Amino acid sequence: EICACLVGSEMCIRDSFICNIKSGTTAAQLKKNCPPIISVTDKNGNNLSGKLRTGAVVATKETSYTVVVLGDVTGTGTVSSNDYKLLMKTLTGEKEIFGAYKKAADYNLDGSVDNKDLVLIAQGR
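Residues numbered from 1 in each chain as written. Predicted model: local features only at pLDDT ≥ 70, side-chain atom pairs only at ≥ 80, totals over all residues. Heavy atoms only, no water.

Caption draft 1: Structural view of the pattern of salt bridges. Counted under the stated rule, the structure contains one salt bridge. Between Lys-22 and Glu-10 there is a salt bridge whose closest N-O contact spans 2.9 Å. With Lys-22 in the loop between β2 (17-21) and α2 (27-33) and Glu-10 in the loop between α1 (2-6) and β1 (12-14), the pair connects residues that are twelve residues apart, well separated along the chain. Under the relative-accessibility criterion, Lys-22 is labelled partly exposed at 47%. Look at Glu-10 and you get exposed, because its relative accessible area is 55%. (Salt bridge = Lys/Arg side-chain N within 4 Å of Asp/Glu carboxyl O. Helix = DSSP H or I, 4+ residues; strand = E, 2+ residues; numbered from the N terminus. Buried < 20%, exposed > 50% of the residue type's maximum accessible area, 1.4 Å probe, protein only.)

Caption draft 2: Fine view of the layout of surface pockets. Approximately 190 Å³ is the volume attributed to the largest pocket. Together, Arg-14, Cys-19, Asn-20, Val-68, Leu-70, Lys-102, Lys-103, Asp-106, Leu-109, Gly-111, Ser-112 and Val-113 line the largest pocket. Taken together, the elements giving at least two residues each to the lining of the largest pocket come down to β2 and α4 (99-105). Taken together, the residues of the lining of the largest pocket sort by class into five nonpolar, three polar and four charged. (1 Å grid on protein atoms, 1.4 Å probe; cavity = no way out; pocket = protein on both sides within 12 Å on 5 of 7 lines; lining within 4 Å. Points joined across faces, edges and corners; volume = space filled by probe spheres on them. Nonpolar A, V, L, I, M, F, W, Y, C, P; charged D, E, K, R; others polar.)

Caption draft 3: Quick look at the packing of helix α3 (residues 81-91) against helix α5 (residues 115-123). One way to put it is that α3 packs onto α5 with a least axis distance of 9 Å and a crossing angle of 165 degrees. One way to sum up the angle between α3 and α5 is to call them roughly antiparallel. Once α3 is placed against α5, the crossing between them reads as left-handed. Contacts between α3 and α5 involve Asp-83, Tyr-84, Leu-87, Met-88 and Leu-91 on the former and, on the latter, Asn-115, Asp-117, Leu-118, Ile-121 and Ala-122. Of the residues assigned to the contact of α3 with α5, the class counts are seven nonpolar, one polar and two charged. (Axes fitted to C-alpha atoms, helices over the stretch in contact; angles between N-to-C directions. Parallel < 35°, antiparallel > 145°, perpendicular 65-115°, else oblique. Left-handed = near helix turned anticlockwise from the far one by under 90°. Contact = heavy atoms within 4.5 Å.)

Caption draft 4: Spotlight on α3. Buried within α3 we find Asp-83, Leu-86, Leu-87 and Thr-90. Buried residues of α3, viewed axially, fall in a sector of 100 degrees; they line one side. In this structure, the buried residues of α3 make contact with α4 and α5. Immediately downstream of α3, the backbone of Gly-93 shows phi near 85 degrees, a positive value. (Arc of directions from axis to C-beta.)

Have a look at this one:
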């Protein structure tokens, strides 16, 4: 089972999400460490072989999970100034983010998306 693969790692399953994935982790690394995974696709259903990105889908024989890469609010697979800018717009009410992207914005994993997360993303931590 996929949950057993995540034991001892910082990753975890919450609802239908695989959370706490570090930026730079690749689809191949995840599949190697967790044999029940049969596919990793981008949000459009195309096979994903490079870096995991928020919004990607990991499938096993039984179910599928949406990937949450910490700090990857834009879904590019990299934490950058674009993530910072989107989070800033979200915190000021100019934009709204949902689902995996909102979970990715909670960089310090305290259960809320706030200025603390913005500072950490800006610092690249």
